[in-house]
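Close look at the chain arrangement
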Amino acid sequence: VGATLVHRVEARMESAAFFSANSPPAQAEAFLSERFVGGQFVQVQIEGDMNDPGVLRLVQHLADTIAVEEHVSSTTHAGQILTIVNEAMVGERRIPATAAQVRLLYRFLAGRAALRQFLSEDRARALIQVKIDTDAVDVMEPLLARIDASAKELVPGRYRVVGRKPAAADRVAIAAGSRALVAA
């Protein structure tokens, strides 16, 4: 008897699912959402030679594509940090043209926490931090699907969902909580 109604159970993890609409926790969350945009973070991990300006431009292009999605408050990545330092050094706010120039900028940033958050020590992996203004499942699911589609379109090669047999040359992992997607 109980098993026949199992399909009607809805499992939601956003905080609104736990409290009534006018409860103090729901009011507090509404206040924070209204005043301080951002309720969820998604990280996009890209594997590649982060000394290569072309790879850094790919990271920047993917971040820019994600940034214009509805409900995305901001994106942050190592390429942004490099463009700021490049502007200070040569007066141009852009990713440097050569790998030698990129490596030089990394030397100026050595040991900085700002860069370590977004770039592995061996410069083989970078993160794009995506700030989202909600944690509502009905918004997050389609948004993750659009991020998934953008990564699939912009990152050359095959695409797969984590949990399947990994391809030999995985290049991008998208993780949001317990959900992870990989583009190769």
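Since the structure is predicted, the reported quantities are computational estimates derived from the model, not experimental observations.

Time to look at the overall build of the chain. Of the regular secondary structure elements, the chain holds 6 helices and 6 strands. Each helix and strand of the chain, ordered N terminal to C terminal, gives the series α-β-α-β-α-α-α-β-α-β-β-β. For the chain, buried positions account for 33% of its 184 residues. Across the chain, every contact between residues at least 6 apart in sequence was considered, and the portion connecting residues at least 24 apart equals 64%.

All right, on to the pattern of salt bridges then. Tallied over the entire structure, the rule returns 4 salt bridges. Here Glu-87 ties to Arg-93 by a salt bridge, and the two come within 3.2 Å at their closest N and O atoms. Arg-93 sits in the exposed class, given a relative accessible area of 54%. Two residues, Arg-94 and Glu-92, come together in a salt bridge whose shortest N-O distance is 2.7 Å. You can call Glu-92 partly exposed: its relative accessible area is 35%.

Here we take up the packing of helix α2 (residues 53-67) against helix α6 (residues 137-154). Here α2 crosses α6 at 150°, and the two axes come no closer than 10 Å. Judged on the interaxial angle alone, α6 and α2 are roughly antiparallel. With respect to the hand of their crossing, α2 and α6 are arranged in right-handed fashion. The residues of α6 that touch α2, namely those facing Leu-58, His-61, Leu-62, Thr-65 and Ile-66, are Ile-147, Ser-150, Ala-151 and Leu-154. Residue composition of the contact of α2 with α6, grouped by class: 6 nonpolar, 3 polar and no charged.

What follows concerns α2. An ideal rise of 1.5 Å per residue puts 21 Å on 15 residues; α2 measures up with 20 Å between its terminal C-alpha atoms. Along α2, the positions that sit buried rather than exposed are Pro-53, Val-55, Leu-56, Val-59, Leu-62, Ala-63 and Ile-66. On its buried face, α2 sits against β1 (40-47), β2 (72-77), α3 (78-90), α4 (99-109), β3 (125-132) and α6.

With that settled, the discussion passes to the pairing of β3. For β1 and β3, the ladder comprises 8 bridges, and the chain directions are antiparallel. Each residue of the ladder has a partner; that of Val-42, found in β3, is Val-130. Both β2 and β3 contribute to a ladder of 5 bridges, which runs antiparallel. For Val-72, the partnering residue across the bridge sits in β3 and is Ile-132.

To continue, consider α6. Helix length check: α6, at 18 residues, gives a terminal C-alpha distance of 25 Å against a target of 26 Å (1.5 Å per residue), a fit within 8%. By the burial criterion, the buried members of α6 are Val-139, Met-140, Leu-143, Leu-144, Ile-147, Asp-148, Ser-150, Ala-151 and Leu-154. Buried residues of α6, viewed axially, fall in a sector of 165°; they line one side. Facing away from the buried surface of α6 by more than 90 degrees, the exposed residues are Asp-138, Lys-152 and Glu-153.

Another point: the packing of α3 against α4. Two elements in contact, α3 and α4, have axes whose closest approach is 10 Å; the angle formed by their N-to-C orientations is 95°. As judged from the angle between their axes, α3 and α4 are roughly perpendicular. Residues Ile-81, Leu-82, Val-85, Asn-86 and Met-89 of α3 form the contact with α4, whose participating residues are Val-102, Leu-105, Tyr-106, Phe-108 and Leu-109. Here the contact of α3 with α4 is built from residues that sort into 9 nonpolar, 1 polar and no charged.

Parameters at a glance
Residues numbered from 1 in each chain as written. Predicted model: local features only at pLDDT ≥ 70, side-chain atom pairs only at ≥ 80, totals over all residues. Heavy atoms only, no water. Helix = DSSP H or I, 4+ residues; strand = E, 2+ residues; numbered from the N terminus. Buried < 20%, exposed > 50% of the residue type's maximum accessible area, 1.4 Å probe, protein only. Contact = heavy atoms within 4.5 Å. Salt bridge = Lys/Arg side-chain N within 4 Å of Asp/Glu carboxyl O. Axes fitted to C-alpha atoms, helices over the stretch in contact; angles between N-to-C directions. Parallel < 35°, antiparallel > 145°, perpendicular 65-115°, else oblique. Left-handed = near helix turned anticlockwise from the far one by under 90°. Nonpolar A, V, L, I, M, F, W, Y, C, P; charged D, E, K, R; others polar. Expected span 1.5 Å × (residues − 1). Pairing = 2+ DSSP bridges. Arc of directions from axis to C-beta.

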